[in-house]
Amino acid sequence: PMPHLDLLTPWLTFVAILLPLLHLERWIHRHLYGVGWLLTQDKERATVLYYLILFPGVFLHEFTQWLVAGALKLKLGRVRVWPRPQADGVLRLDFVRLSRRTGRAARAVVELAPFIAGIGLVLFISRSVFDVAGLSAALSTGELPIIQAELGRLFGTPDFWLWLYLLFAVGNAMLPTLSEERNPLL
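**Focus: the environment of Ser99**
Then, number 1: Considering the arrangement of structural elements, one finds Ser99 in the loop between β2 (96-98) and α4 (104-129).
Then, number 2: Look at Ser99 and you get buried, because its relative accessible area is 13%.
Then, number 3: C-alpha separation for the pair Ser99 and Leu76, spaced 23 residues apart in sequence, amounts to 5.0 Å.
Then, number 4: When sequence neighbours within four positions are dropped, the list of residues in contact with Ser99 reads Lys75, Leu76, Gly77 and Arg107.

What follows is the structure, encoded as structure tokens:
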């Protein structure tokens, strides 16, 4: 084995997983907004419903950015508490805006903070609440009774649906915003 390939493999795997997740996230956002539009026939109500469904993730995203900006002593621009109506099904996580004078490096740190916090929360729930290591071990045996028992244990987790919803909401709001005017990562 070549040593440089061993160093590249995790990064290539990360990109190979992240790209489809970005497309899946966009698809989910468009359809969540679309359901809100079908139910309300109103841009503002559809937008509010859309943000309410993803509220735990939106809150974590914005609070993390606000916290990191404060820790770095960055000047904030306008902070909003209510989403702007939209029509395109793109989740705009820009309640906390940095001053235009904020440097690209500092802006990148603030933009990446929700991703890191989201990954941390997803890992915590996956390992501590759902014990996915046990499920992985059961799947690796290939024995149906062991897999069924482990799935039963997983679905029997107290407040299973609440934890699953939290994973969904955080997972769909933790990626950096892909807005060219704001994102120093593009």
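The rest of the description comes next.
**Concerning a nonpolar patch on the surface**
Then, number 1: Where nonpolar side chains cluster on the molecular surface, the patch consists of Phe55, Phe59, Phe63, Trp66, Leu67, Leu162, Tyr165 and Phe168 and spans about 790 Å² of accessible area.
Then, number 2: Counting residues per element, the nonpolar patch draws most heavily on helix α3 (residues 55-71), at five residues.
Then, number 3: You can see Phe63 is positioned in helix α3.
Then, number 4: On the basis of relative accessibility, which here comes to 35%, the residue Phe63 falls in the partly exposed class.

**Structural notes on the packing of α4 against helix α7 (residues 160-171)**
For any two helices packed against each other, one specifies the inter-axial angle together with the distance between the axes.
Then, number 1: Relative orientation of the contacting elements α4 and α7 amounts to 160°, with a least axis distance of 10 Å. Accordingly, the angle class assigned to the pair α4 and α7 is roughly antiparallel. Of the two possible hands of crossing, α4 and α7 adopt the one that is left-handed. Contacts between α4 and α7 involve Gly118, Leu121, Val122, Ile125 and Val129 from the first element and Trp163, Leu166, Leu167 and Val170 from the second.
Then, number 2: By residue class, the composition of the contact of α4 with α7 is eight nonpolar, one polar and no charged.

**Considering the side chain of Glu150**
Then, number 1: By secondary structure assignment, the location of Glu150 is in helix α6 (residues 144-155).
Then, number 2: What makes Glu150 buried here is its relative accessible area of 15%.
Then, number 3: What Glu150 contacts, discounting residues up to four positions off in sequence, is Asp131, Gly134, Leu135 and Ala138.

**Here's the deal with α7**
Then, number 1: Its 12 residues give α7 an end-to-end C-alpha distance of 16 Å, which sits within 8% of 16 Å, the value for a rise of 1.5 Å per residue.
Then, number 2: Among all positions of α7, only Phe160, Leu167, Ala169 and Val170 are buried.

**Thoughts on α6**
Then, number 1: End to end, α6 covers 16 Å across 12 residues, agreeing with the expected 16 Å (1.5 Å per residue, within 8%).
Then, number 2: Within α6 the residues assigned to the buried category are Ile147, Glu150 and Leu154. For α6, the arc enclosing every buried residue in end-on projection is 65°, short of the 170-degree limit, so these residues lie on one face. Exposed positions of α6 whose direction lies more than 90 degrees from the buried face are Leu144, Pro145 and Ala149.
Then, number 3: Tucked inside the fold, the buried residues of α6 contact α5 (132-141) and α7.

**Notes on unusual backbone geometry**
Then, number 1: The phi angle at Gln41 is positive, at roughly 55°, despite the residue not being glycine.
Then, number 2: With a phi angle near 50°, Asp131 is a residue other than glycine that sits in the positive phi range.
Then, number 3: On the basis of relative accessibility, which here comes to 31%, the residue Asp131 falls in the partly exposed class.

**Some details on the packing of aromatic side chains**
Then, number 1: Applying the stated criterion across every chain, the model contains 10 aromatic pairs.
Then, number 2: Consider the rings of Phe14 and Phe115, whose centres lie 6.3 Å apart with planes at 70°: the pair is edge-to-face. In this pair, Phe14 is assigned in helix α1 (residues 3-40) and Phe115 in helix α4, connecting sequence segments 101 residues apart.
Then, number 3: The exposure class of Phe115 is buried, given its relative accessible area of 15%.
Then, number 4: With 5.6 Å between their ring centres and 75° between their planes, Tyr50 and Tyr51 make a pair best called edge-to-face. In this pair, the class of Tyr50 matches that of Tyr51, namely buried.

Cut-offs used in this document
Residues numbered from 1 in each chain as written. Predicted model: local features only at pLDDT ≥ 70, side-chain atom pairs only at ≥ 80, totals over all residues. Heavy atoms only, no water. Helix = DSSP H or I, 4+ residues; strand = E, 2+ residues; numbered from the N terminus. Buried < 20%, exposed > 50% of the residue type's maximum accessible area, 1.4 Å probe, protein only. Contact = heavy atoms within 4.5 Å. Patch = residues over 30% accessible without salt bridge, like charges linked within 9 Å, V, L, I, M, F, W, Y side chains within 5 Å. Areas by Shrake-Rupley, 256 points an atom, 1.4 Å probe, with all protein chains shown as cover. Salt bridge = Lys/Arg side-chain N within 4 Å of Asp/Glu carboxyl O. Axes fitted to C-alpha atoms, helices over the stretch in contact; angles between N-to-C directions. Parallel < 35°, antiparallel > 145°, perpendicular 65-115°, else oblique. Left-handed = near helix turned anticlockwise from the far one by under 90°. Nonpolar A, V, L, I, M, F, W, Y, C, P; charged D, E, K, R; others polar. Expected span 1.5 Å × (residues − 1). Arc of directions from axis to C-beta. Phe/Tyr/Trp six-rings, centres within 6.5 Å; stacked < 30°, edge-to-face > 60°.

What is shown is where atoms sit, not what they do.
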